[in-house]
Amino acid sequence: MYNPFSLEDKTVLVTGASSGIGQQCAIDCSRMGAKVILIARNEIRLQETLSLLDHPERHCYYKFDLFQTDQIKTLVDEIVEKQGKIDGFVYAAGVEKTLPIKLLTPDDYINVFKVNTLGAFEFIRYFSNKKYFRDGGHIVLISSITSIIGRGGVSAYAASKGAMVSAVRSMALELAKKKICINCISPGTILTPLMQNFLSDLSEEDYQKRVSGFPLGLGEVVDVSNACIYLLSDASRWVTGQNLIVDGGYTAR
Ligand SMILES: NC(=O)c1ccc[n+]([C@@H]2O[C@H](COP(=O)([O-])OP(=O)(O)OC[C@H]3O[C@@H](n4cnc5c(N)ncnc54)[C@H](O)[C@@H]3O)[C@@H](O)[C@H]2O)c1
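Values in this document were obtained by computation on a predicted structure and should not be read as measured data.

**Q** Go over the overall build of the chain, please, and point to the residues and values.
**A** Counting its regular elements, the chain contains eight helices and seven strands. Taken over the C-alpha trace, the chain has a radius of gyration of 18 Å; the compact-globule value for 253 residues is 18 Å, and the two agree within 12%. Seen through its C-alpha atoms, the chain measures out along the principal axes to roughly 50 × 45 × 40 Å. A total of 253 residues make up the chain; the buried ones form 49% of that total. Contacts in the chain between residues at least 24 apart in sequence constitute 73% of all its contacts with a sequence separation of at least 6. For the chain, the computed accessible surface area is about 12600 Å², with 53% contributed by carbon and sulfur atoms.

So this is what it looks like as structure tokens:
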């Protein structure tokens, strides 16, 4: 059956794979036929995620803390040696930090950047080498609408997400020689378990204020994973250096 979004015969590596958006991306990649390599910190949650994939026996996981930026080369070497070259990469790992500017220290910025941004860039450094990543492959970084809009209290997070969007434009030009496409997805508020906890702590007034910004209501993890499948598939082979906004119309206002 004709399916331009198929990921058959592709190996896709997903970080942040044990929960929320990353987990749904991993599940949907397996449904689209990819062999999926999961990366996250918690082994029990990795095993749970593995069991949710289509044909769990085809996939594998690596336990890794992305805070260890200097260990990423060792991880990539080990993965490629055992699993072969990578065709698709989804960087969904991320941490949020909500603090007013006056309380944000340089260490707060560094810690947020390390996991949200530098981890992704370090993988891409190795994936720019044909030893690790196949020509014509696809890279997707999960950014956020805070890369393009302001929201009080999230300066460090927003800066880390904006840096992804800026870097991807330049990276796209370099990687085009190898026909590798690299793009960001910037989601609005997505109902992940963590986000649901955060929203349930808001007053009714603040909750309504947050929700009313989204003409199509709040998003679900599949809204992001579907966009991710498109950007991993050959259907998007002429799309690179972009920031795909998936926000239920929030930024259309
Ligand atoms: N949920 C939203 O509303 C929303 C909106 C915009 C962007 N995002 C982005 O989407 C991505 C996924 O977020 P989510 O909502 O699914 O949240 P989540 O907390 O469920 O997922 C984040 C993932 O990152 C992993 N992670 C965090 N620090 C790590 C570290 N040091 N090493 C390895 N893994 C680490 C976590 O284990 C988790 O699997 C994040 O980058 C987030 O910034 C989320």
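On we go from here.
**Q** Which residues make up the site of the ligand, and what are the values?
**A** Every one of the 27 residues lining the ligand counts as a neighbour, but Ser19, Ile21, Asp65, Leu66 and Tyr157 are closest to it. Contacts to the ligand include Ala92, whose backbone N or O atom sits 3.3 Å from an oxygen atom. Contact between the ligand and Tyr157: an oxygen atom at 2.6 Å from a side-chain N or O atom of the residue. Protein chains shield 91% of the accessible area of the ligand, which is 810 Å² for the free molecule. For the shell around the ligand, the elements supplying multiple residues, two or more each, are helix H1 (20–31), helix H5 (155–175) and helix H6 (193–200).

**Q** Give a description of the pairing of strand S1 (residues 11–15) that names residues and reports values.
**A** Regular strands place side chains that alternate from one sheet face to the opposite one. A large share of S1 lies buried, amounting to five of its five residues. Across five bridges, S1 lies against strand S2 (residues 35–40) in parallel orientation. The residue of S2 that forms the bridge with Val12 is Val36. What joins S1 to S2 is H1, and the crossover it makes is right-handed. Where S1 and strand S4 (residues 86–91) come together, four bridges link them in parallel fashion. Bridge pairing in S4 links Val12 to Gly88.

**Q** Before we move on, can you summarise the pairing of S4 with the specific residues and values?
**A** Taken across its six residues, S4 has six buried, putting it largely inside the fold. You can see the chain leave S4, run along helix H4 (residues 106–127) and come back into strand S5 (residues 133–142), and the turn it takes is right-handed.

Calculation rules
Residues numbered from 1 in each chain as written. Predicted model: local features only at pLDDT ≥ 70, side-chain atom pairs only at ≥ 80, totals over all residues. Heavy atoms only, no water. Helix = DSSP H or I, 4+ residues; strand = E, 2+ residues; numbered from the N terminus. Rg over C-alpha atoms; globule rule 2.2 N^0.38 Å. Buried < 20%, exposed > 50% of the residue type's maximum accessible area, 1.4 Å probe, protein only. Contact = heavy atoms within 4.5 Å. Areas by Shrake-Rupley, 256 points an atom, 1.4 Å probe, with all protein chains shown as cover. Near = heavy atom within 4 Å. Polar contact = N/O pair within 3.5 Å; in protein donor to acceptor, adjacent residues only side chain to side chain. Pairing = 2+ DSSP bridges. Right-handed = clockwise from strand over helix to strand, strands pointing away.

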